[in-house]
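Summary of structural features
Given next are the chains, with one letter for each unit.
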Amino acid sequence: MHFRSLIITLLFLFLSNSSFAAAVEKYLPENHSYDQQIIKPAAVLGFGLGERHIRHDQLVQYMETLAQASNKVVLTDIGRTTEMRKQVLLTISHPDNITKLPELLSRSDVGKNPEDPLVIWLGYSVHGDEISGSNAALVIAYHLAASQDESVTEILKNTVIVLEPSINPDGMDRFVNWVNTYRGTTANPDPNHIEHHQQWRTGRTNHFGFDLNRDWLLLSQKESRNRLAYFHQYQPHVLGDFHEMGANSSYFFQPGIPSRTHPLTPKKTTELTQLLATFHAEALDKENRLYYSQESFDDFYYGKGSTYPDINGGIGILFEQASSRGFQQDSINGLLTFEYGIKNHVLTSLSTIKGAWENSDNFKNYRKNFHEESEQLIKKEKFSGYLITEGKDTYRLNIFLEKLKAHQINVMPLTEDFRYEGTLYKKEESFYLPLAQKQYRVIQALFNQGTDFQDNTFYDVSGWTMPLAMDINFLKVGRTWGLRLAKNSWQPEQKIARTVDKNAYAYAFEWHHFLAPKLLNKLLSKGIKAKVATKTFSSVIDGKTKNFATGTIVIPAGIQKKSDWRNKVEQAANENSLHVFNINTGLTIHGVDVGSGSMKPVEPVKVLLIGGKGSSQYEAAEILYYLDDTLNIPVTIVERSRLLRVDLAHYSHIIMVDGNYTDMDKNMIGNIQSWVKNGGVIFGQKRGAKWLSKVELLKADFVTKEHINDLFDTEELTYQDKEKLSARKRIAGAIFDTKLDTSHPLTYGYTDSQLPLFRNSTIMMESVESPFITVAEYTPTPLMSGYTDRNLVNKIANSPAIVAHNFGRGRVIATTDVFAFRGYWLGSSKVLANSLFFAKAFSASAK
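Below is a summary of the structure that appears in this document. Position labels on residues start from 1 in each chain and follow its written sequence. Local features in this predicted model are restricted to residues whose pLDDT is 70 or higher, and side-chain atom pairs enter the listing and the counts only when it is 80 or higher, whereas totals over whole chains, interfaces and linings include all residues. Hydrogen atoms and water are omitted, and side-chain values are computed over all heavy atoms in the structure.

Another point: unusual backbone geometry. In the segment running from glutamine 254 into proline 255, the intervening peptide bond is cis, with an omega of 20 degrees. You can see proline 255 is positioned in the loop between β6 (251-253) and α9 (267-286). Although it is not a glycine, glutamine 408 adopts a positive phi angle of roughly 65 degrees. Helix and strand definitions follow DSSP, with helices as H or I runs of at least four residues and strands as E runs of at least two, each counted in order from the N terminus. The residue glutamine 408 is located in the loop between α12 (394-406) and β11 (412-413) in this model. Although it is not a glycine, phenylalanine 772 adopts a positive phi angle of roughly 75 degrees. Structurally, phenylalanine 772 is set in the loop between β29 (754-759) and β30 (774-785).

Dropping the structure here:
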């Protein structure tokens, strides 16, 4: 029996390999000569390409093997992901270029010299479950390293090719583990099979759940920050961005829809993209493969791999392959296999290289003209630059300046105070950003506040203005007379370590610093007792009067029970670069005293986030990233299927992000209502907030879909107007102006009443009758950046943005907006922290 089983097993392996395993040559041009000393992928992987989904470590192992074997290849380790996987780049060129590579990359003007090589960057599988790209990268790497064909040699003499074989290593392995776990030994193309349907946190996203193909401009995630430094070193002329889409599609390559290109993108970009499209079409035509172009996808938002090059003097190109989302899947076009998808991406990778090389002069001239045109555009501007200022929160300001620096934007510190239009800008907290610099278009992409566009249909967000998102004050400066600037651009400052008086009566730190919640949580977790000032006070600090605003955290010595607590306060404060003030008496010179009842105790928090299928993995990721990674506050994620079995009494807060909560049964609703009534705090965002209203926890009504439909006149519309009407009824992503009630505890730390908020839905609250429960409301003319139809803008105007009130002994907090959008929305995310620590510092009843 044992011998018979062995024979069956061997037979199965033979049949499997002959049916599915693809030799690397199957993906490559015929009649090609390869160096036999260069090892093929199958020899390292142990299986043929397309037979199994490769793990990230297997991919890296092959790239390392290739780099060791070939003098055409350099492997660069560019960083680590959150899960400690390597991010790598593979540079391939003629050995002569590889020798000169360090010198080339040390220059800031790569491509300026006509003799410089053309640089082509091919990035694969930024969405980790769009895995055909990473497999295609293995084929392309082998082909370029091993080829002895004269045509490839000629290309490499004049070209530097950069492969980023896996842009999202953590997401890649999450997906690969899923597919390899649920794939049977017999191929199953049924689209309903579990192999094709991932869990809530899909392989599309990184460790925290962020879409890295939205982060090129925002740089909230470490994978993006690690990459960008090398992008600006190489300064690619052409960048290919390889993706997958639905199984019932075919193959897409740009240009996208012509009218949906951002106005900052030169028209020549589309022309050159169209030129390369002829090469892609030729390659796919030879194989009789279906494809399309100039449909579906836009070229508007600059946070994507295919658009960021467009404002950096390069050409970005999006490729989308119909996804088998597993080994194989039935589709409307027949059986779609993993191998088929790999081959398509190989074909268009090679066509990109061929087309760019044959037209290298066009791309080099485009780079030169791009910067010359930018210089002319700068001269036409009616202002010279932006004045940036932030007087209270150095952390938020420095993060903003670090992002600008990462984009190669020069920001100049002021050496003297500057008075402009009646306002004095202090040199310590103000900076000047001149338009006259190489990254002019990137500056405009980050600061632009456009609200009117040629085409109002958007694949992604239409407004992303970075200083608004980070609540940084900025204004256009027309004249620079009297503006005294440093010789060198801004650089990060060294941290200053401070000591605390070990005999102080109390300590205090201010809440306007972005990391104040992190410090507070650290102290509470160590058993150090703290209070929040709900009224202002003043004390003498180092001989001078110091005014403390509401929200100031006070740590009285008289109530502490833990040993060595003073050293712990000092250490935690220095770790977070917060200034802790020594208070030497409980008697203040103005306002409430340290022992006043207006100093409210702050309790440790324990947060539960309702996650799993039906909840937005993106919004959950944003809140998780802010609380867990930025503030070091643990967040317990519980799927709805387990929620009924969890004792809610163990938690102080529940967070409900956008999602479909219609399947919450009566028992679960009753549990949550009782928990809030007994003192719990629940926070709802978007449809999470609507659910709170539906179960009568939130005392606010929402605008109905019927009401929104009634805002639009459809009487004279024809069928061809259907798509345009749908776009008008949608808010894809725009920025709105709100007015805060700065006396409310949920707004502690904000120094002015204006707070830009991000919204990407038409969920709106109606005006509320009860006083004191509206924490923020939209202004009369709220649209600040991005597109929203005027009918919707008028409806949003003056409506509530944030509502908070009592429910029994608990609190209910709700918003229609996205507080921590894409990890860079630092302006409004503090409301989340305030909801954790200060929810019991207010009391407001609702009718």
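A word on the packing of helix α15 (residues 516-525) against helix α24 (residues 826-837). Axis lines are fitted to C-alpha atoms, over the contacting stretch for helices. Their N-to-C directions set the angle, which ranges from 0 to 180 degrees. It is at 11 Å that the axes of α15 and α24 come closest, and there the two elements cross at 30 degrees. It follows from the interaxial angle that α15 and α24 lie roughly parallel. Crossing of α15 over α24 shows left-handed handedness. Each of Pro517, Leu520, Asn521 and Leu524 in α15 lies in contact with α24, whose residues at this interface are Lys830, Ala833 and Phe837. Each residue is assigned to one of three groups, with Ala, Val, Leu, Ile, Met, Phe, Trp, Tyr, Cys and Pro labelled nonpolar, Asp, Glu, Lys and Arg labelled charged, and all others, Gly among them, labelled polar. Among the residues making up the contact of α15 with α24, the classes are represented as 5 nonpolar, 1 polar and 1 charged. Every angle not falling under 35 degrees, over 145, or within 65 to 115 is termed oblique; those three ranges are roughly parallel, roughly antiparallel and roughly perpendicular. Here a crossing is taken to be left-handed if its near helix is turned anticlockwise relative to the far helix by less than a right angle, and right-handed if that turn runs clockwise. We call two residues in contact whenever any of their non-hydrogen atoms come within 4.5 Å of each other.

Now for the sheet that holds β29. Each strand in a sheet pairs with its neighbour through backbone hydrogen bonds, running either in the same direction (parallel) or in the opposite one (antiparallel). The strand order β25-β24-β26-β27-β32-β31-β30-β28-β29 describes an open sheet built from 9 strands, whose pairing is mixed. Each edge of the open sheet is held by one strand with a lone partner, namely β25 (635-639) and β29. Taking the axes of each pair of neighbouring strands and ignoring which way they run, one obtains an average angle of 25 degrees across the sheet. Any two strands with at least two DSSP-identified bridges between them are counted as paired. As defined by bridge partners, strand β28 (residues 734-740) adjoins β29 across 6 bridges and the pair is classed as antiparallel. Paired with phenylalanine 736 across the two strands is leucine 757, which belongs to β29. In this fold α24 packs onto β24 (607-611), β26 (653-656), β27 (681-685), β29, β31 (800-807) and β32 (810-815), with an angle of close to 95 degrees to the strand it touches most, β29.

As a further point, take the packing of aromatic side chains. Stacked, edge-to-face and tilted are the three classes for Phe, Tyr and Trp ring pairs, Trp counted by its six-membered ring, which pair at centre distances within 6.5 Å; planes under 30 degrees apart are stacked, over 60 edge-to-face, the rest tilted. Within the structure shown, the criterion is met by 43 aromatic pairs. Seen in terms of ring centroids, phenylalanine 683 and phenylalanine 819 are 5.7 Å apart; in terms of plane orientation they differ by 40 degrees. Their pairing is tilted. Of this pair, phenylalanine 683 sits in strand β27 while phenylalanine 819 sits in the loop between β32 and α24, and the two are 136 residues apart along the sequence. Here phenylalanine 683 matches phenylalanine 819 in class, with each residue buried. Within the aromatic cluster, the residues linked to one another by ring pairs are Phe300, Tyr301, Tyr302, Phe453, Phe458, Trp464 and Tyr787. Over a ring means this: the NZ of a Lys or the CZ of an Arg is within 6 Å of the ring centre and within 35 degrees of the ring normal. Over the ring of tryptophan 216 we find arginine 227; its NZ or CZ atom is 4.5 Å from the centre of that ring. Between lysine 606 and the ring centre of tyrosine 651, over which it is positioned, the NZ or CZ distance is 5.1 Å. Think of it in three bands: residues with accessible area under 20% of the maximum for their type are buried, residues over 50% are exposed, and the middle band is partly exposed, with areas taken using a 1.4 Å probe on protein chains only.

In regular strands, side chains alternate between the two faces of the sheet. Sheet topology note: the strand β18 (residues 537-541)/strand β19 (residues 544-548) ladder contains 5 bridges and is antiparallel. Residue pairing for β19: serine 538 is matched across the bridge by asparagine 547. Counted between consecutive antiparallel strands, the loop separating β18 from β19 contains 2 residues, among which aspartate 542 sits at a positive phi close to 55 degrees.

Structurally, glutamine 437 can be placed in the loop between β14 (430-434) and α13 (440-447). Assessed through its relative accessible area of 11%, glutamine 437 is described here as buried. Looking at glutamine 437, its side chain comes within polar contact range of the main-chain nitrogen of asparagine 410, at 2.7 Å. Apart from residues lying up to four places away in sequence, glutamine 437 is in contact with Ile378, Gln408, Ile409, Asn410 and Ile443. Any N or O atom pair separated by 3.5 Å or less is treated as a polar contact, with the protein-specific requirement of one donor-capable and one acceptor-capable atom, and with residues adjacent in sequence counted only for side-chain atom pairs.

Turning next to the sheet that holds strand β16 (residues 506-509). Spatial strand order, β21-β16-β20-β17-β23: 5 strands in an open sheet with antiparallel pairing. Edge strands, defined here as strands with exactly one partner in the open sheet, are β21 (581-583) and β23 (599-602). Strand-to-strand twist of the sheet, defined as the mean angle between neighbouring strand axes without regard to direction, takes the value 35 degrees. Relative to β23, strand β17 (residues 530-533) runs antiparallel, the two being bridged by 4 bridges.

Let's shift gears to the nonpolar core. By nonpolar core is meant a set of buried Ala, Val, Leu, Ile, Met, Phe, Trp, Tyr and Cys residues that side-chain atoms within 4.5 Å join together. The biggest cluster of nonpolar side chains holds 178 residues, and the ones touching the most others in it are Leu404, Phe447, Phe509, Ile555, Ile672, Trp691 and Phe837. Ranked by residues supplied to this core, first place goes to helix α17 (residues 617-630) with 7 residues. With near-sequence residues (within four places) excluded, phenylalanine 837 lies in contact with Trp511, Pro517, Leu520, Asn521, Leu524, Val602, Glu603, Val605 and Ile633. Of all hydrophobic cores here, the second largest spans 70 residues; its members include Val60, Leu122, Val179 and Phe327.

On to the pattern of salt bridges. Salt bridges, as used here, are contacts in which a Lys or Arg side-chain nitrogen is within 4 Å of a carboxyl oxygen on Asp or Glu. By the definition in use, this model includes 37 salt bridges. Between glutamate 287 and lysine 343 there is a salt bridge, and its shortest N-O distance comes to 3.6 Å. Of this pair, glutamate 287 sits in the loop between α9 and β7 (315-322) while lysine 343 sits in helix α10 (residues 338-358); the two residues are 56 residues apart in sequence, bridging distant segments of the chain. Between arginine 822 and aspartate 460 there is a salt bridge, and its shortest N-O distance comes to 2.9 Å.

To continue, consider the pairing of strand β2 (residues 86-92). With 6 of its 7 residues buried, β2 lies for the most part within the structure. Judged from the 7 bridges that link them, strand β1 (residues 73-80) and β2 form a sheet pairing that is antiparallel. Its bridge partner lying in β2, aspartate 77 is registered against valine 88. Linkage of β1 to β2, two consecutive antiparallel strands, is achieved through a turn of 5 residues, within which methionine 84 is found at a positive phi near 65 degrees. Across 3 bridges, β2 lies against strand β4 (residues 159-164) in antiparallel orientation.

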